[in-house]
Amino acid sequence: MERKAVLIIITAIVALMSCNSGKVSEVQAEGDTLRLDHAQLLTIVNYDKYKVVEIADPWKPRRMLHRYILVSDPSASHLPEGTIINVPVKRAMVFTTVHASLLADFHATDRIKGMADVNYVKRPDIKALVANKTIADVGSGMSPDIEKIIDGSPDIVMVSPFENSGGYGKLDELQIPLVECADYMEVSPLARAEWMKFYGMLLGMEAEADSMFKSVESEYNAIKAKVKTIGRRPRVMVDIPSSNVWYVPGGQSTIGQMIADAGGEYCYADNTQGGSMALSVESVIDKCEDADVWLFRYGGPEKTIASMAADNKAFTHVKAFKDNNLWGCSTERTTFYETTPFHPGLLLKEFLAMFHPEHNVEMKYFVRVAER
């Protein structure tokens, strides 16, 4: 009995010590969570020698898309599970023009060692670097040149995740950290723009990113404040079909939110999706036939009222078409896709001018569609 009692006491002491030890390690590992005012898919926790960045899965609630461990001190040990990235990143492969443009805004084009889909680049400074091969062309984002990526010795590859993409093919085999840039799935323009803080951390440019975001946020909110006293909100429809499919921004998309912030009523405002929806031409015309304003993005030759009527007679049933209140943005002749995602105020002021003409601004992206 005495021996059994001693064993019980020893076991209790060991258990207590183990419990206390666990509590101490938790206290030591406690980090400082960075406050993000808009982004909902990002969680960033600062530790002494590293940061933990978690990206929530935009398509699967309560699941994580990716966890990154940004290590700023080589002596960091006992790191949590996740993709380790040593920061600041000096060499990056970038698969989208929007993220290449953001790096240019940070004056960090020297970090871009390669780009995919360079034919979509419209920004002159980046275009020049591609032309003189300072930035390597690594082919299509869907089927990149793996050898060129390896030759560039990147620290990271910045890619865009898609729902049910099935992974990144051979890129997954390279043992190079893939940064999944899911910012485009945020629910508001400022939420997406706030991701620049994460990208700034990758570059070791946190202060620059914080300063830039404050400026972006201030500009956006100042424009948004102008519509608070506006009573009438015109109905708005967006984009044009490709063949027989009309890709429409969801009601909870950044474009949907921006229309509301500029004093418009999006005809799909009651929709709860954050991305885009593939719909039939008939269903969109039926839903948006009474739209007062029609704005769209397009590639190819310049659009006119006459050419659009020739493209599809159904367009002529839309109120905005009858009123000649159509606004087009050529994605081939502007930097729309490169500059507006992280500087949404540039676009918001144009939306405001389209919806409420008394607010006259110089249009950089959208122009009123001519009759012929």
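See the structure printed just above.
All of the points below concern the structure found in this document.

**Details of the state of the cysteines**
Such a bond, covalent and formed between the sulfur atoms of two cysteines, is termed a disulfide.
Turning to step 1, where the next piece is worked out: In total, this model carries one disulfide according to the counting rule given.
Turning to step 2, where the next piece is worked out: Disulfide partner of Cys-267: Cys-288, at an S-S distance of 2.2 Å. On the S-S bond that ties Cys-267 to Cys-288, the torsion sits near 65°, and the link is right-handed. Of this pair, Cys-267 sits in the loop between β13 (265-266) and β14 (276-280) while Cys-288 sits in helix α9 (residues 281-288), and the two are 21 residues apart along the sequence.
Turning to step 3, where the next piece is worked out: Residue class for Cys-288 comes out buried when judged on its relative accessible area of 1%.

**Concerning the sheet that holds strand β17 (residues 367-368)**
Strand-to-strand pairing in sheets goes through backbone hydrogen bonds, with the strands running parallel or antiparallel.
Turning to step 1, where the next piece is worked out: In spatial order, the strands read β13-β11-β15-β16-β17; together these five strands make up an open sheet with mixed pairing. Each of the sheet's edge strands pairs with one partner strand only, and the pair in question is β13 and β17.
Turning to step 2, where the next piece is worked out: Where strand β11 (residues 235-238) meets strand β15 (residues 293-298), three bridges bridge the pair, whose relative direction is parallel. By the bridge assignment for β15, Val-236 is matched with Val-293.

**With respect to the pattern of salt bridges**
Turning to step 1, where the next piece is worked out: As enumerated under the stated definition, the model contains 16 salt bridges in all.
Turning to step 2, where the next piece is worked out: Between Arg-232 and Asp-292 there is a salt bridge, and its shortest N-O distance comes to 3.8 Å. Of the two residues, Arg-232 sits in the loop between α7 (206-225) and β11 while Asp-292 sits in the loop between α9 and β15, which places them 60 residues apart along the sequence.
Turning to step 3, where the next piece is worked out: As a salt-bridge pair, Arg-297 and Asp-239 come within 2.5 Å of each other at their nearest N and O atoms. Note that Arg-297 is positioned in strand β15 and Asp-239 in the loop between β11 and β12 (245-249), a separation of 58 residues in sequence. For the residue pair Arg-297 and Asp-239, the accessibility class agrees, reading buried in each case.
Turning to step 4, where the next piece is worked out: Put simply, Arg-232, Asp-292, Lys-319 and Asp-323 are held in one network by salt bridges that share partners.

**A word on the side chain of Arg-235**
Turning to step 1, where the next piece is worked out: In this structure, Arg-235 sits in strand β11.
Turning to step 2, where the next piece is worked out: Residue classification places Arg-235 among the buried residues on the basis of a relative accessible area of 17%.
Turning to step 3, where the next piece is worked out: Within the structure, the side chain of Arg-235 is placed 3.1 Å from the side chain of Glu-265, a separation counted as a polar contact.
Turning to step 4, where the next piece is worked out: Among the polar contacts made by the side chain of Arg-235, one reaches the main-chain carbonyl oxygen of Lys-287 at a distance of 3.2 Å.
Turning to step 5, where the next piece is worked out: For Arg-235, the contacting residues outside a window of four places in its chain are Glu-265, Cys-267, Lys-287, Asp-290, Ala-291, Asp-292 and Val-293.

**A few points about the pairing of strand β16 (residues 326-330)**
Moving residue by residue along a regular strand, the side chains alternate between the two faces of the sheet.
Turning to step 1, where the next piece is worked out: The buried fraction of β16 is high, at five of five residues.
Turning to step 2, where the next piece is worked out: Side chains Leu-326, Gly-328 and Ser-330 project from β16 onto one buried face, and the interleaved Trp-327 and Cys-329 project onto a second face that is buried too.
Turning to step 3, where the next piece is worked out: Of the strand pairs in this sheet, β15 and β16 are connected by five bridges, and their pairing is parallel. Residue pairing in the sheet places Arg-297 in a bridge with Cys-329 of β16.
Turning to step 4, where the next piece is worked out: Sheet topology note: the β16/β17 ladder contains two bridges and is antiparallel. Paired with Gly-328 across the strands is Val-367, a residue of β17.

**Here's the deal with the environment of Glu-265**
Turning to step 1, where the next piece is worked out: Here Glu-265 shows up in strand β13.
Turning to step 2, where the next piece is worked out: Considering only alpha carbons, one finds Glu-265 and Val-94, 171 residues apart in sequence, at a separation of 35 Å.
Turning to step 3, where the next piece is worked out: When neighbours within four sequence positions are excluded, Glu-265 is seen to be in contact with Arg-233, Pro-234, Arg-235, Val-236 and Ile-259.

**Some thoughts on the packing of α7 against helix α13 (residues 344-355)**
Axis angle and axis distance: for two packed helices, these are the angle between their axes and the distance between the axes, and together they describe the pair.
Turning to step 1, where the next piece is worked out: Packing of α7 against α13 leaves a shortest axis separation of 8 Å and a crossing angle of 10°. By the angle class used here, α7 and α13 are roughly parallel. Across the interface between the two elements, Val-216, Glu-219, Tyr-220, Ile-223 and Lys-224 of α7 pack against Pro-344, Gly-345, Leu-346, Leu-348, Lys-349 and Leu-352 of α13.
Turning to step 2, where the next piece is worked out: Counted by class, the contact of α7 with α13 contains seven nonpolar, one polar and three charged residues.

**Observations concerning the nonpolar core**
Turning to step 1, where the next piece is worked out: Formed by 98 residues in total, the largest nonpolar core has its most connected members in Trp-195, Phe-198, Trp-294, Phe-351 and Phe-366.
Turning to step 2, where the next piece is worked out: Counting 11 residues, the second-largest nonpolar core is a separate cluster that includes Ala-116, Val-138, Ile-149 and Val-159.

**Some remarks on the environment of Gln-40**
Turning to step 1, where the next piece is worked out: With respect to the helices and strands, Gln-40 occurs in the loop between β1 (32-33) and β2 (42-46).
Turning to step 2, where the next piece is worked out: The exposed category is assigned to Gln-40, whose relative accessible area is 58%.
Turning to step 3, where the next piece is worked out: Between the alpha carbons of Gln-40 and Met-212 there is a distance of 19 Å; along the sequence they are 172 residues apart.
Turning to step 4, where the next piece is worked out: Residues within four places of Gln-40 in sequence aside, it is in contact with Glu-186 and Val-187.

**Side note on the pairing of strand β3 (residues 50-56)**
Turning to step 1, where the next piece is worked out: Where burial is concerned, most of β3 is hidden: five out of the seven residues are buried.
Turning to step 2, where the next piece is worked out: The antiparallel hairpin formed by β2 and β3 contains three residues in its connecting segment.
Turning to step 3, where the next piece is worked out: Note: β3 against strand β4 (residues 64-71), seven bridges, orientation antiparallel. If you follow Tyr-50 over to β4, its bridge partner there is Val-71.

Definitions and cut-offs
- Residues numbered from 1 in each chain as written.
- Predicted model: local features only at pLDDT ≥ 70, side-chain atom pairs only at ≥ 80, totals over all residues.
- Heavy atoms only, no water.
- Disulfide = S-S within 2.5 Å.
- Helix = DSSP H or I, 4+ residues; strand = E, 2+ residues; numbered from the N terminus.
- Buried < 20%, exposed > 50% of the residue type's maximum accessible area, 1.4 Å probe, protein only.
- Pairing = 2+ DSSP bridges.
- Salt bridge = Lys/Arg side-chain N within 4 Å of Asp/Glu carboxyl O.
- Polar contact = N/O pair within 3.5 Å; in protein donor to acceptor, adjacent residues only side chain to side chain.
- Contact = heavy atoms within 4.5 Å.
- Axes fitted to C-alpha atoms, helices over the stretch in contact; angles between N-to-C directions.
- Parallel < 35°, antiparallel > 145°, perpendicular 65-115°, else oblique.
- Nonpolar A, V, L, I, M, F, W, Y, C, P; charged D, E, K, R; others polar.
- Core = buried A, V, L, I, M, F, W, Y, C linked by side-chain atoms within 4.5 Å.

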